[in-house]
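# Geometric and topological summary
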Amino acid sequence: MCVHLCKLLSFQADLTDMIGKFRSDLLRGTGTIVRNELCSEQYTTQFLMSLYNAEGEGLFVARELILGHLQQGGAPSPYDRCLGARFAVHALSSLIQKATESLTDGCVSAMSPSTACVVGVVGKNSTCTPAQELKGRTDFK
């Protein structure tokens, strides 16, 4: 029982923090909450999405995105799962790095082109390429 109570108190603290930041314009646009599919039988993605939507006071909307559902064709292979984990780690590491580098007086500035990136593989390395740079190299036909 204590484990679930502690988690509920943690969710409440996170929600209070998010609501405060959205109200003060410290958070604008979107945020990301990452949940492992095996973290809890009770706190499902659907439950957390409903919780955040109900308690968000109309300041934000939570939506579900399951990475495996984005792929096309068949069940994910072990390579797909490893690549997805690799991309997630790289994306979150880059997000933390950019936020830390852009922090001024308690606010994060996301105005440079390098703050909107696409994670991919170049050669053997995971990389974040600015979306603005990709736009110039993409054939949209």
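What counts, and at which threshold
- Residues numbered from 1 in each chain as written.
- Predicted model: local features only at pLDDT ≥ 70, side-chain atom pairs only at ≥ 80, totals over all residues.
- Heavy atoms only, no water.
- Phe/Tyr/Trp six-rings, centres within 6.5 Å; stacked < 30°, edge-to-face > 60°.
- Helix = DSSP H or I, 4+ residues; strand = E, 2+ residues; numbered from the N terminus.
- Buried < 20%, exposed > 50% of the residue type's maximum accessible area, 1.4 Å probe, protein only.

## Topic: the packing of aromatic side chains
Scanning all chains against the criterion turns up 3 aromatic pairs. Plain terms: the ring middles of phenylalanine 11 and tyrosine 43 are 5.3 Å apart, the flat faces sit at 70° to each other, and that makes the pair edge-to-face. Placement of phenylalanine 11 in helix α1 (residues 2–23) and of tyrosine 43 in the loop between α1 and α2 (45–55) is noted, with a sequence separation of 32 residues between them. For the pair phenylalanine 11 and tyrosine 43, one class covers both residues: buried. Measuring from ring centre to ring centre gives 5.5 Å for tyrosine 43 and phenylalanine 47, while their planes differ by 55°; the resulting arrangement is tilted. Among the residues examined, phenylalanine 47 registers a relative accessible area of 33% and is labelled partly exposed. One aromatic cluster is present, formed by Phe11, Tyr43 and Phe47 through successive ring pairs.

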